[in-house]
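As a plain string of letters, each chain reads:
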Amino acid sequence: QVQLVESGGGLVQAGDSLRLSCAASGRTFYVMGWFRQAPGKERDFVAGISWLGGTTPYGDSVKGRFTISRDNAKNTLYLQMNSLNPADTAVYYCAAGAGPSVPVTVIGYHTWGQGTQVTVSS
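Residues numbered from 1 in each chain as written. Predicted model: local features only at pLDDT ≥ 70, side-chain atom pairs only at ≥ 80, totals over all residues. Heavy atoms only, no water.

Q: What is the right way to look at the pairing of strand S6 (residues 66-71) in this model?
A: Taken residue by residue, a regular strand's side chains alternate between the two faces of the sheet. Here S6 shows a clear split, with Phe66, Ile68 and Arg70 buried on one side and none of Thr67, Ser69 and Asp71 buried on the other. Bridging between S6 and strand S7 (residues 76-81) involves 6 bridges; their strand directions are antiparallel. By the bridge assignment, threonine 67 is partnered in S7 with glutamine 80. Between the antiparallel neighbours S6 and S7 lie 4 residues, among them asparagine 75 with a positive phi of about 55°. (Buried < 20%, exposed > 50% of the residue type's maximum accessible area, 1.4 Å probe, protein only. Helix = DSSP H or I, 4+ residues; strand = E, 2+ residues; numbered from the N terminus. Pairing = 2+ DSSP bridges.)

Laid out in structure tokens, this is it:
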């Protein structure tokens, strides 16, 4: 069974850090990414990563604060989030794509996790 399961979300204060994880099972995913969706808004691209980690595009609002990484031996994707602010509050989704390029839009990914809530208080 192909599955993506996110973890690590929670309630933090502005300026804090948080690390999200996404455990993949069922097959190998060559391209993976993180998206987020706030209430009443569209699902936005946060970051993506290629198989060997050489290509890592980021959304403009998270550049310099968030870092995406992956451990292929563990089949796990990570998102290190630093200097969090209330605008980062959203449900964060892990996603997988076919590659070889790293898409920055929803349509480029075919498998999705159930999401994990991140809430940043001011």
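Q: Can you help me understand the nonpolar core in this one?
A: Nonpolar side chains tend to gather and get buried jointly when the protein is soluble and globular. In terms of nonpolar packing, the biggest core is built from 26 residues, with Met32, Trp34, Leu79, Met81 and Tyr92 touching the most fellow members. Elements supplying a minimum of two residues to this core: strand S3 (18-25), strand S4 (31-37), strand S5 (44-49), S6, S7, strand S8 (90-97) and strand S10 (116-121). In this structure, methionine 32 is in contact with Leu4, Cys22, Ala24, Gly48, Ile49, Ile68, Arg70, Leu77, Cys94, Ala95, Ala96 and Tyr109, ignoring residues within four places of it in sequence. Membership of the second largest hydrophobic core comes to 6 residues, among which are Val31, Phe35, Phe45 and Tyr109. (Core = buried A, V, L, I, M, F, W, Y, C linked by side-chain atoms within 4.5 Å. Contact = heavy atoms within 4.5 Å.)

Q: Explanation requested: the sheet that holds strand S1 (residues 3-7) in the structure shown.
A: Strand pairing in a sheet relies on backbone hydrogen bonds. The paired strands run either parallel or antiparallel. A sheet is described by the order of its strands in space; here 4 strands give the open sequence S1-S3-S7-S6, paired in antiparallel fashion. Both outer strands of the open sheet, S1 and S6, are each paired with one neighbouring strand and no more. For this sheet the average axis-to-axis angle between neighbouring strands, irrespective of direction, equals 15°. Here S1 pairs with S3 via 5 bridges, running antiparallel. Counterpart to serine 7 in the pairing with S3 is serine 21. (Axes fitted to C-alpha atoms, helices over the stretch in contact; angles between N-to-C directions.)

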